[in-house]
Amino acid sequence: MAKPLVAILSGAGISTDSGIPDYRGPNGLWTRDPDYEKLVTIEYYLADPEIRRRSWAMRREMFDLNPRPNAAHLAIAELSASGAAAVRVITQNIDGLHQAAGMPARKVLELHGTSRTVVCTGCGARTPVADAFARIDAGEPDPPCLECGAILKAATVMFGEALDPDVLASAAAIAKACTVMFAVGTSLQVYPAAGLAALAAGSGARLVIVNAEPTPYDDVAAEVVREPISEAMPRLLRALAPDRTNENAGGRRP
Ligand code: ZN
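Conventions and cut-offs
- Residues numbered from 1 in each chain as written.
- Predicted model: local features only at pLDDT ≥ 70, side-chain atom pairs only at ≥ 80, totals over all residues.
- Heavy atoms only, no water.
- Domains from an automatic or database assignment.
- Contact = heavy atoms within 4.5 Å.
- Buried area = accessible area lost by both parts, 1.4 Å probe.
- Polar contact = N/O pair within 3.5 Å; in protein donor to acceptor, adjacent residues only side chain to side chain.
- Nonpolar A, V, L, I, M, F, W, Y, C, P; charged D, E, K, R; others polar.
- Pairing = 2+ DSSP bridges.
- Helix = DSSP H or I, 4+ residues; strand = E, 2+ residues; numbered from the N terminus.
- Axes fitted to C-alpha atoms, helices over the stretch in contact; angles between N-to-C directions.
- Donors = N, O, S within 2.8 Å, 3.2 Å for Na, K, Ca; no water.
- Tetrahedral: all angles 85-135°; square planar, octahedral: opposite > 155°, others 65-115°.
- Buried < 20%, exposed > 50% of the residue type's maximum accessible area, 1.4 Å probe, protein only.
- Left-handed = near helix turned anticlockwise from the far one by under 90°.
- Salt bridge = Lys/Arg side-chain N within 4 Å of Asp/Glu carboxyl O.

Quick look at the domain arrangement of the protein
Part 1 of the argument: Taken as a whole, the protein is organised into domain 1 (1-20 + 77-112 + 164-254) and domain 2 (29-64 + 115-156).
Part 2 of the argument: For domain 1 and domain 2, the distance between their C-alpha centres works out to 30 Å.
Part 3 of the argument: Taken together, the contact between domain 1 and domain 2 spans 5 residues of the former and 6 residues of the latter.
Part 4 of the argument: With both chains or domains summed, domain 1 and domain 2 bury close to 310 Å², and 58% of this area falls on carbon and sulfur atoms.
Part 5 of the argument: Considering only the surface of domain 1 that becomes buried against domain 2, Ile94, Asp95 and His112 emerge as the three largest contributors, covering 81% of it.
Part 6 of the argument: Inspection of the domain 1/domain 2 interface yields 1 residue pair in polar contact (both at pLDDT 80 or more).
Part 7 of the argument: Residues belonging to the side of domain 1 that touches domain 2 are distributed by class as follows: 2 nonpolar, 2 polar and 1 charged.

Encoded structure:
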């Protein structure tokens, strides 16, 4: 029998247990700083060195939180490593925590890019974000590209920028082909996450929604789970890898 293809569609809710603030909650970034949106809008970013300086400082603050993957990220990586299922992650998050948990980078599609890498707006050169922070510490609050002198930015998809069509196409292919999709910590209210959940359900996948709040797709989901994500995901994914459960419990393999 072919291995099941398990798609994980993850949003901000999977990372709040790792201490990453959300955007619109009581302690959300946008709630604390109404100007935040400008720091992540390409038009303002390219036009204003002061916005860039503040944007780097904000990213530095997030980086220094040094978030660690939580039990949900780890359970997903463990299922992948167990070989019991083919696992692909499609994430709205830019925090790199799925990879930090052990998911191979090639199996993680980052719809909104990554905050761990910096890209040049001129020549496209990509460098680790730690290099940019080191230059900021050394006295360059808005460090230009060392190759061509153009403006550097985080390799995230800012407001006003298009999503990567190749990443989107790969995500759609996975949604169409998967056996089961877990939509985890995402409100499923915005494109493209909403469309991917609809595509999976419409293509015959079992859609499992794990989210604290109701979503527009609860009605088409096979299962809706409201318990905390870092508790729910290990339980739900263990059920997909029975061999491994036996092994961990000291049981015999068949
Ligand atoms: Zn450059």
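Here we look at the sheet that holds strand 7 (residues 180-184)
Backbone-to-backbone hydrogen bonds join strands into a sheet, with any given pair of strands oriented parallel or antiparallel.
Part 1 of the argument: Ordered by their spatial adjacency, 6 strands build an open sheet running 3-2-1-7-8-9, and the pairing between neighbours is parallel. In the strand order of this sheet, the two ends are held by strand 3 (108-110) and strand 9 (223-225), each with one partner. Adjacent strand axes in the sheet meet at a mean angle of 15° when their direction is disregarded.
Part 2 of the argument: By the bridge criterion, 6 bridges tie strand 1 (residues 5-10) to strand 2 (residues 86-91) in an arrangement that is parallel. If you follow leucine 5 over to strand 2, its bridge partner there is alanine 86.
Part 3 of the argument: The sheet strands contacting helix 5 (residues 71-82) are strand 1 and strand 2, and the helix crosses strand 2 at an angle near 145°.

Remarks on the environment of alanine 155
Part 1 of the argument: Here alanine 155 is to be found in strand 6 (residues 152-156).
Part 2 of the argument: On a C-alpha basis, the gap between alanine 155 and asparagine 93 in space is 12 Å, while along the polypeptide they are 62 residues apart.
Part 3 of the argument: For alanine 155, the contacting residues outside a window of four places in its chain are His112, Gly113, Thr114, Thr117, Val118, Val119 and Arg126.

So, the coordination of the zinc ion
Part 1 of the argument: Ligation of the zinc ion by protein atoms is provided by Cys120 (SG), Cys123 (SG), Cys145 (SG) and Cys148 (SG), these donors lying 2.3 to 2.4 Å from the ion.
Part 2 of the argument: Coordination at the zinc ion is tetrahedral: its 4 donor atoms span angles of 101 to 117° at the metal.
Part 3 of the argument: One chain supplies every donor for the zinc ion, spaced along it as C-x2-C-x21-C-x2-C. Of this pair, cysteine 120 sits in strand 4 (residues 113-120) while cysteine 148 sits in the loop between helix 7 (129-137) and strand 6, and the two are 28 residues apart along the sequence.
Part 4 of the argument: Take cysteine 120: its relative accessible area is 4%, and that puts it in the buried class.

Quick notes on the side chain of threonine 114
Part 1 of the argument: Along the chain, threonine 114 falls in strand 4.
Part 2 of the argument: Judged by relative accessible area, which is 8%, threonine 114 ranks as buried.
Part 3 of the argument: Separated by 3.0 Å, the side chain of threonine 114 and the backbone nitrogen of arginine 116 make a polar contact.
Part 4 of the argument: Contacts of threonine 114, omitting those with residues within four sequence positions, involve Ile94, Arg126, Ala154, Ala155 and Thr156.

Section: the packing of helix 4 (residues 49-64) against helix 7
Part 1 of the argument: Where helix 4 meets helix 7, the axes come as close as 11 Å, and the angle between the chain directions of the two elements is 115°. In this structure, the crossing between helix 4 and helix 7 has a hand that is left-handed. Side by side, helix 4 and helix 7 meet where Trp56, Arg59, Arg60 and Phe63 of the first sit next to Val129, Ala132, Phe133, Ile136 and Asp137 of the second.
Part 2 of the argument: Split by residue class, the contact of helix 4 with helix 7 holds 6 nonpolar, no polar and 3 charged.

Considerations on the pattern of salt bridges
Part 1 of the argument: Applying the stated rule across the entire model yields 9 salt bridges.
Part 2 of the argument: Linking glutamate 50 and arginine 53 is a salt bridge whose minimum nitrogen-to-oxygen distance equals 2.8 Å. Of the two residues, glutamate 50 and arginine 53 are both situated in helix 4; the distance of 3 residues between them amounts to about one turn of the helix.
Part 3 of the argument: We classify glutamate 50 as partly exposed; its relative accessible area is 39%.
Part 4 of the argument: Note on arginine 53: relative accessible area 36%, which makes it partly exposed.
Part 5 of the argument: Its salt-bridge partner being aspartate 142, residue arginine 52 comes within 2.8 Å of it at the nearest N-O pair. With arginine 52 in helix 4 and aspartate 142 in the loop between helix 7 and strand 6, this pair connects stretches of sequence that are 90 residues apart.
Part 6 of the argument: On the accessibility criterion, arginine 52 (8% relative accessible area) is buried.
Part 7 of the argument: Among the residues examined, aspartate 142 registers a relative accessible area of 21% and is labelled partly exposed.
Part 8 of the argument: Salt bridges sharing partners connect three or more residues here, namely Arg60, Asp64 and Asp137.

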